Amino acid sequence: MQNPLLTPSTRPYQWPAFDQLTAEHYLEATRIGAAEQREELQRIIDDTQEPTFENTFLALEASGQTLRRALMTYFSVISAHGTEDLRAIQSEISSIWSEQEDEIYLNQTLYSRLQALDCASLQGEDARLADQTLKNFQLAGAGLGDAEKDRLKALNAKLAELSTQFADLVLKNQNAHAVHFEDAAELDGLSGPAIESAAEAAKQAGHASGYLLALVSPTQQPVLESLSSSESRRKVFNASMSRGTEENATIHIAAEMAQLRAERAALLGFANHAETVLAQATAPSTAAVEERLAELTKAATANERREAEVLGEISGAEINAWDWKYFSNQVLRDQYSVDSEALRNYFELGRVLIDGVFATATKLFGITFQERFDLPAYHPDVRVFEVFDADGKPLALYTGDYLARDTKKGGAWMTSLRDAASFLEERPIVTNTLNITPPAPGDPILLSMDEANTLFHEFGHALHGMFSSGKYASLAGTSVPRDFVEFPSQVNEMWMLHEDVVTDYAVHHQSGEALSEALIEKIRAASLWGQGFATTEYLAASVLDWAWHTISAGTVIADPLQFEQDVLQQAGFDTELIPPRYRTGYFQHIFANGYSAGYYSYIWSEVLDADTVQWFEENGGLMRENGNRFREELLSRGNTRDPLESYELFRGRTAVVEPLLRRRGLVNAE
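A short tour of the structure in this document, coming up.

So, how was this worked out
- Residues numbered from 1 in each chain as written.
- Predicted model: local features only at pLDDT ≥ 70, side-chain atom pairs only at ≥ 80, totals over all residues.
- Heavy atoms only, no water.
- Helix = DSSP H or I, 4+ residues; strand = E, 2+ residues; numbered from the N terminus.
- Rg over C-alpha atoms; globule rule 2.2 N^0.38 Å.
- Buried < 20%, exposed > 50% of the residue type's maximum accessible area, 1.4 Å probe, protein only.
- Contact = heavy atoms within 4.5 Å.
- Areas by Shrake-Rupley, 256 points an atom, 1.4 Å probe, with all protein chains shown as cover.
- Expected span 1.5 Å × (residues − 1).
- Core = buried A, V, L, I, M, F, W, Y, C linked by side-chain atoms within 4.5 Å.
- Salt bridge = Lys/Arg side-chain N within 4 Å of Asp/Glu carboxyl O.
- Axes fitted to C-alpha atoms, helices over the stretch in contact; angles between N-to-C directions.
- Left-handed = near helix turned anticlockwise from the far one by under 90°.
- Nonpolar A, V, L, I, M, F, W, Y, C, P; charged D, E, K, R; others polar.
- Pairing = 2+ DSSP bridges.
- Phe/Tyr/Trp six-rings, centres within 6.5 Å; stacked < 30°, edge-to-face > 60°.
- Polar contact = N/O pair within 3.5 Å; in protein donor to acceptor, adjacent residues only side chain to side chain.

Some points on the overall build of the protein chain
The secondary structure content of the protein chain amounts to 27 helices and 7 strands. At 25 Å, the protein chain has a C-alpha radius of gyration in line with the 26 Å of a compact globule built from 670 residues. Referenced to the eigenvectors of the C-alpha coordinate spread, the extents of the protein chain come out at roughly 80 × 60 × 55 Å. Counting all 670 residues of the protein chain, 57% fall into the buried class. Of all intrachain contacts in the protein chain linking residues separated by at least 6 positions in sequence, the fraction that spans at least 24 positions is 75%. For the protein chain, the exposed surface amounts to about 26700 Å²; the carbon and sulfur share of it is 47%.

Structure, rendered in structure tokens:
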């Protein structure tokens, strides 16, 4: 059978032939695609005509379409459904990709030809493409000497190998650390459906009896809110915290990666890896990031201490880290009449998606959705929707893969299978992937409020990808600086509890009763509770990321756990009480997913987000004219112009930090 990846798919939107693809197809297409692109690069180099925009930058942008098609499809699937055969080829595919990047960006002859073009007359997206392409070459080391380039290639290859190892071991550790309980009494506090689901999970994992609680990516596990037994909570918490420190240890892989990144940064002329990241970010300097993190840490930890005092009074004893979420949830129940477990009954996945997320997008942007059952996906759980613009014209395909499984990495994310790029006559296919615990057979899929919020968040990324209207794929959609990319997704969270949205979808799955306005108000009132905890655990992870990636070349971290402990203690965090959201051993964002020295970007983007939410509130909220402005000036622009320029054109000024401080309860915190 012809390899489906070697030619553009003839299916709608170039939908991949998932019903035919095999691991061998991915690997073959990657190898062939890399060879094809090398030939295309050589033709650019050998062109005897004077350099023009068309025969240099455009030719480079158009090159490597077979490779691009293979990699976009493979990396989307391996994260969501990494079967054994797909994982077996991951190291080789990552190696080919790393070598290909070097083949392009360390090619001095190609770089010289690009530099030879006078770009002063270019305008708009053409000028942006040339500028960003040259910057990519510079930051990749194109100007280095031959010996330095050889070392850089070796570093890149080793980092690609280690990143693959890290991701593979994190998934294995997450599955291996699932906590088995023999007696249902140990699960007291969980709902009946949750206990049934745990029994089914134990059976699927091969246990003769009992109950299995799978882990999710962050340190704190959702079940810690509900388990009545402190001992049960302790078992789950310790299992989560110990990932990556025992068998299949990932902490040493992380330390080696940090050291290699520091060496690579020095080769490129930077003091540390963080500086290389900020060279393509909106944050102006490492000092600016450190100042923001320190400022917020002081306020957040003060908030955290006040929350700990409240929890200690409720529990009647000193709070342990594994008890925090349980007693925090008790505060929500007792002081705000908000019961997180009971609220699940109002957040059924289908209603949240169709009557919440999709309906909001229709009100705001005029787009509509129609489910497609004719496009085979990589797993039966995946749902595919065609998205139509306000004028009825086809806009994009959107896919949702929401349930956890042992072949899926933890967390939630958006990816693109195709970009919105008129130069390639390509329309977007965007994916959202979550990790919601599957219910017992026959039961509805009920979400926590956090999971419902995550669905709105990830759909904000999807909108960024679907609304992109530029010419070039490399500038499309979410191809923006890392500390800007979270901004549109965080804005979309505002609609989850908005008065014009929540009553349409938050309906009890059995009685059909809508979530009452009184309870919605209590949920809103309770939103400041727990911000000390949430902000502190996030900031601790951000500081940890920053510490790993501001070490200088030659630094050797012999004891990664001690390094982690020292960094967090010196920054003012009490990790015995609130550990970081991700510890080094399972911090996939920074060691496997491209967020190295970039985890700070969530809070950096949230400054823009909170300021934008204020703009919506001041201008009438959920209105088409507001959505159209947000789409036109921001969501459609991608990286076709400086994202901060886009923000200022949308908002009419630069962002201010006060709305974020109020949201996080950090105003006047001491």
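The discussion continues.
Remarks on helix 14 (residues 324-336)
Taking 1.5 Å per residue, 13 residues should reach 18 Å; helix 14 reaches 17 Å between its end C-alpha atoms and fits that length. Three or more residues of helix 14 are buried, namely Trp-324, Tyr-326, Phe-327, Ser-328, Asn-329, Gln-330, Val-331 and Leu-332. Next to the buried residues of helix 14 lie helix 10 (230-241), helix 13 (286-315), helix 15 (340-343) and helix 21 (531-548).

Focus: the nonpolar core
In terms of nonpolar packing, the biggest core is built from 145 residues, with Phe-347, Tyr-398 and Phe-459 touching the most fellow members. Among the elements that take part in this core, helix 21 stands out by supplying 10 residues, more than any other. Apart from residues no more than four positions distant in its own chain, Phe-459 is found in contact with Val-357, Phe-358, Ala-361, Phe-369, Tyr-398, Asn-432, Met-466 and Asn-492. Formed by 29 residues, the second largest nonpolar core is a distinct cluster that contains Phe-18, Ala-29, Ala-80 and Ile-93.

Some thoughts on the pattern of salt bridges
For the coordinates displayed, the defined rule picks out 36 salt bridges. Across the pair Arg-31 and Glu-92 runs a salt bridge whose closest N-O atoms are separated by 2.6 Å. Of this pair, Arg-31 sits in helix 1 (residues 23-46) while Glu-92 sits in helix 5 (residues 90-105), placing them 61 residues apart in sequence. The partly exposed category is assigned to Glu-92, whose relative accessible area is 34%. With its nearest N and O atoms 3.6 Å apart, the salt bridge here joins Arg-405 to Asp-381. You can see Arg-405 sitting in the loop between strand 5 (394-403) and strand 6 (413-418) and its partner Asp-381 sitting in the loop between strand 3 (368-372) and strand 4 (383-388), a full 24 residues away along the chain. Overall, the relative accessible area of 14% leaves Arg-405 in the buried class. A single network of salt bridges, built from pairs that share partners, joins Asp-381, Asp-401, Arg-405 and Lys-408.

Examining the packing of helix 6 (residues 108-115) against helix 7 (residues 124-140)
Interaxial distance between helix 6 and helix 7 falls to 11 Å at its minimum, and their mutual angle equals 145 degrees. Handedness of the helix 6/helix 7 crossing: left-handed. Across from Leu-110, Tyr-111, Leu-114 and Gln-115 in helix 6, the residues of helix 7 making contact are Thr-133, Leu-134, Phe-137 and Gln-138. For the contact of helix 6 with helix 7, a count of residues per class yields 5 nonpolar, 3 polar and no charged.

Some words on unusual backbone geometry
Phi at Ser-337 is positive, roughly 55 degrees, even though this residue is not glycine. Along the chain, Ser-337 turns up in the loop between helix 14 and helix 15.

Focus: the pairing of strand 4
The buried fraction of strand 4 amounts to 5 of the 6 residues, a majority that puts the element mostly inside the structure. Bridge count for strand 3 against strand 4 is 5 bridges, and the pairing is antiparallel. When the bridges of strand 4 are listed, Glu-371 appears paired with Phe-385. Where strand 4 and strand 5 come together, 6 bridges link them in antiparallel fashion. Each residue of the ladder has a partner; that of Val-384, found in strand 5, is Thr-399. Here strand 4 folds back onto strand 5 in antiparallel fashion, the turn holding 5 residues, of which Gly-392 has a positive phi close to 90 degrees.

Side note on the sheet that holds strand 3
Sheet architecture is open: 5 strands sit in the order 3-4-5-7-6, paired in mixed fashion. Lying at the two open borders of the sheet, with one neighbouring strand each, are strand 3 and strand 6. Strand after strand, the sheet turns through a mean of 25 degrees between neighbouring axes, direction not considered. In the packing of helix 3 (residues 65-80) onto the sheet, contacts are made with strand 5, strand 6 and strand 7 (429-436), and the angle to strand 6 comes to roughly 150 degrees. Contacts between helix 17 (residues 449-466) and the sheet are confined to strand 3, strand 4, strand 5, strand 6 and strand 7, with strand 7 contributing the most and set at about 165 degrees to the helix.

Here's the deal with the packing of aromatic side chains
Applying the stated rule across the entire model yields 43 aromatic pairs. Consider the rings of Tyr-111 and Phe-137, whose centres lie 5.6 Å apart with planes at 5 degrees: the pair is stacked. One end of the pair, Tyr-111, is in helix 6; the other, Phe-137, is in helix 7, and 26 residues separate them in sequence. Residue class for Tyr-111 comes out buried when judged on its relative accessible area of 7%. Given the relative accessible area of 0%, Phe-137 is considered buried.

Quick word on the pairing of strand 7
Most of strand 7 sits out of view: 8 of its 8 residues are buried. Going residue by residue along strand 7, you find Ile-429, Thr-431, Thr-433 and Asn-435 tucked away on one face and Val-430, Asn-432, Leu-434 and Ile-436 tucked away on the opposite face as well. Relative to strand 7, strand 5 runs parallel, the two sharing 6 bridges. Paired with Gly-400 across the two strands is Asn-432, which belongs to strand 7.

Points about the environment of Ser-191
Take Ser-191: it is sitting in the loop between strand 1 (179-181) and helix 9 (192-204). Look at Ser-191 and you get partly exposed, because its relative accessible area is 23%. Separated by 121 residues in sequence, Ser-191 and Ala-70 place their C-alpha atoms 43 Å apart.

Examining the side chain of Asp-419
Here Asp-419 is to be found in the loop between strand 6 and strand 7. Taking relative accessible area as the criterion, Asp-419 reaches 13% and is therefore assigned buried. Only 3.0 Å separates the side chain of Asp-419 from the side chain of Arg-68, close enough to count as a polar contact.

Side note on the environment of Ser-511
Here Ser-511 lies in the loop between helix 19 (502-505) and helix 20 (517-525). Between the alpha carbons of Ser-511 and Tyr-346 there is a distance of 9.8 Å; along the sequence they are 165 residues apart. Separated by 3.2 Å, the side chain of Ser-511 and the backbone nitrogen of Glu-513 make a polar contact.

Remarks on helix 18 (residues 482-492)
A large share of helix 18 lies buried, amounting to 10 of its 11 residues. Within the span of helix 18, buried status applies to Asp-483, Phe-484, Val-485, Glu-486, Phe-487, Pro-488, Ser-489, Gln-490, Val-491 and Asn-492. If you follow the buried residues of helix 18, they end up packed against helix 17, helix 24 (601-618), helix 25 (624-635) and helix 26 (643-651).

Focus: the environment of Val-331
Within the element layout of this structure, Val-331 appears in helix 14. Along the sequence, Val-331 and Lys-363 sit 32 residues apart, while their C-alpha atoms lie 35 Å from each other. Other than its neighbours up to four places away in sequence, Val-331 contacts Val-310, Leu-311, Ile-314, Tyr-336 and Trp-529.

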